[in-house]
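Architecture at a glance
Each chain is listed here by its residues.
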Amino acid sequence: MKRFLARHQDVITGTLSGYDRILFRGIFRGLSHAKGLDAFLGSQGVLLKDFGTFAETQSDQIKAHAEAVARAAGRPLIYLPSAHEAKEDLVRRIAAHDQIREGLICVLTCVEPCRSYEIRRDAQARKLRLAKADRKCLFVYCYYLDREFGLMHVRLQTWFPFDVQVCLNGREWLARRLDRAGVAYEQADNGFLWLADPARAQKIADRLLQFRWPALLAAFAKRINPLLRRGQALAAQHLYWTVRQAEYATDVMFRDAASLAAIYPALVQHAICCFTAEDLLRFLGRKLHGNFTGEVTSKTSRRPEGL
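Description of the overall build of the chain
Helix and strand counts for the chain come out as nine helices and nine strands. By its C-alpha atoms, the chain is 75 × 45 × 35 Å across when sized along the principal axes. Buried residues in the chain amount to 38% of all 307 residues. Contacts in the chain between residues far apart in sequence, at least 24 positions, make up 66% of those at least 6 positions apart. Accessible area for the chain stands at about 18700 Å²; split by element, carbon and sulfur atoms hold 50% of it.

Structural notes on the sheet that holds strand β9 (residues 239-254)
Spatial ordering of the open sheet is given by β2-β3-β4-β5-β6-β1-β9, a layout of seven strands whose pairing is mixed. Of all the strands in the sheet, just β2 (77-79) and β9 have a single pairing partner and so form its edges. Geometrically, the sheet is characterised by an average inter-axis angle of 20° between neighbouring strands, direction not taken into account. Where strand β5 (residues 150-157) lies against strand β6 (residues 164-169), four bridges are found, and the strand directions are antiparallel. Paired with H153 across the two strands is C167, which belongs to β6. Most of the contacts of helix α2 (residues 34-43) go to strand β4 (residues 127-146), to which it runs at about 85°, and overall it touches β3 (103-122) and β4. On the sheet, helix α5 (residues 170-181) packs against β1 (12-28), β4, β5, β6 and β9 and is oriented at approximately 125° with respect to β1.

Looking at the environment of E172
Structurally, E172 can be placed in helix α5. Overall, E172 belongs to the partly exposed group, its relative accessible area being 23%. Not counting residues within four places of it along the chain, the set of residues in contact with E172 comprises E148, F149, G150, Q187 and N190.

Comments concerning the pattern of salt bridges
Inspection of every chain in the model, using the stated rule, returns 14 salt bridges. Two residues, R147 and E102, come together in a salt bridge whose shortest N-O distance is 3.1 Å. Separated by 45 residues along the polypeptide, R147 in the loop between β4 and β5 and E102 in the loop between α4 (87-97) and β3 bring together distant segments of the chain. Here E148 and R180 are joined by a salt bridge, their closest N and O atoms 3.0 Å apart. On the criterion of sequence distance, the pair formed by E148 in the loop between β4 and β5 and R180 in helix α5 is long-range, its members being 32 residues apart. Salt bridges here are not isolated pairs; linked through shared partners, they connect K87, E112 and R155.

Section: the packing of α5 against helix α6 (residues 198-206)
For any two helices packed against each other, one specifies the inter-axial angle together with the distance between the axes. Axis separation between α5 and α6 bottoms out at 10 Å; the angle between their running directions is 125°. Comparing their axes, α6 and α5 come out oblique. For the pair α5 and α6, the crossing hand works out as right-handed. Residue-level inspection shows W173, L174, R177, L178 and A181 of α5 in contact with α6, the latter providing R200, A201, I204 and A205.

Details of the confidence of the model for the chain
Looking at the chain, pLDDT values average 92 and 100% of them are 70 or higher. For the chain, helix α9 (residues 277-283) is the element with the lowest average pLDDT, namely 77, and β2 is the one with the highest, namely 98.

As for the side chain of R171
Examined against the element boundaries, R171 turns out to sit in helix α5. On the basis of relative accessible area, R171 is assigned to the buried category, the value being 1%. One polar contact links the side chain of R171 to the main-chain carbonyl oxygen of N190, over a distance of 3.4 Å. Among all residues touching R171, those that are not within four sequence positions of it are L16, S17, G18, Y19, D20, Q187, N190, F192, A249, T250 and D251.

Thresholds applied
- The numbering scheme is per chain: residues are counted from 1 as the chain's sequence reads.
- Only residues with pLDDT of at least 70 are given local features in this predicted model, and only at 80 or more are side-chain atom pairs given and counted; all residues enter the totals for whole chains, interfaces and linings.
- In computing side-chain values, all of the structure's heavy atoms are included and hydrogens and water are not.
- Every helix listed is a DSSP run of H or I at least four residues long, and every strand listed is a run of E at least two residues long, numbered separately from the N terminus.
- Remark: exposure states derive from per-residue accessible area (1.4 Å probe, protein chains only) relative to the maximum for the residue type, with buried under 20%, exposed over 50%, and partly exposed in between.
- Any two residues whose heavy atoms approach within 4.5 Å are treated as being in contact.
- Under the convention used here, a 1.4 Å probe and the Shrake-Rupley method define accessible areas, while residue burial counts only the protein chains that appear.
- A pair of strands is treated as paired once DSSP finds two or more bridges between them.
- Axis lines are fitted through C-alpha atoms, for helices just across the contact stretch, and the angle between N-to-C directions can take any value from 0 to 180 degrees.
- We define a salt bridge as a side-chain nitrogen of Lys or Arg found within 4 Å of a carboxyl oxygen belonging to Asp or Glu.
- Working definition: roughly parallel below 35 degrees, roughly antiparallel above 145 degrees, roughly perpendicular at 65 to 115 degrees, and oblique for all remaining angles.
- Note: crossing handedness is left-handed where the near helix turns anticlockwise from the far helix by less than a right angle, and right-handed where it turns clockwise.
- Per-residue confidence from the prediction method is given by pLDDT, with values spanning 0 to 100.
- Pairing of N or O atoms within 3.5 Å defines a polar contact, subject to two protein rules: one partner must be a possible hydrogen donor and the other a possible acceptor, and residues neighboring in sequence count only if both atoms are side-chain atoms.

Below, the structure is given as structure tokens:
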């Protein structure tokens with residue numbers, strides 16, 4: 001990137017680097033392995049034979065809380081019969097139709113695969129034991145139009161070990177900060193086409209690296225998980241946060257369309273020669289797997305409006 005910017009510095013008016021979409025995952029480390037969960041159940045006075053009933057009770061609290069959150073905000077709670085439905089597209093339509101400017105947009109629920117636990121009978125030892133297992137359970141999605149981060153969501157697994165994810169958009173955060181700072185800009189989706197003061201915008205974008213993320217993310221988690229409240233089962237547990245996915249992008253602003261058009265064919269050719277089908281599918285949010293039988297092809301075509 002540095003070599004590219006140096007080579008074309010005479011036609012580049014500014015750059016902006018920063019986080020785009022960031023997906024955080026929060027887990028309870030003490031519940032993420034069978035021995036830890038076994039110890040937790042012991043602290044709650046729950047026998048392994050009663051694990052299913054206990055887990056269902058906790059799950060019901062989360063579901064009831066999701067309904068209460070939607071009802072209190074006067075927003076819809078929608079069950080999606082398919083986990084593959086484009087949730088964000090649906091949410092954007094709801095926000096536009098209801099003219100939501102801030103706050104909860106809606107609560108979505110759907111059944112999705114999860115990594116959880118089951119009780120197995122150890123015939124040799126003549127006792128029950130906990131074991132990790134692939135299961136399906138209900139997930140709750142709370143979508144917000146946040147004052148700081150714009151469109152975002154918090155996703156909660158309603159069955160042990162109650163993993164949570166928070167998805168934020170760094171560029172939406174930056175746009176709101178630029179508005180407050182009085183820095184003019186033009187934005188298209190997550191890209192900035194023009195900045196009145198690129199250097200100042202970069203300094204503001206860099207502040208995102210200094211966030212006290214654990215405290216902020218824990219606050220989001222408490223909105224959706226009632227088990228974290230005082231006196232509840234998970235009140236003494238602490239969420240451990242990791243970055244599950246992060247998109248870091250650099251916007252390059254050219255002096256005019258002609259300057260970009262002069263080098264654009266070479267950029268397209270380089271992309272086709274150097275990026276693989278896996279790269280392309282990953283960028284589009286798809287995954288290759290052993291049963292994939294399709295074909296991914298790339299081509300360039302010259303049209304009157306360009307490449």
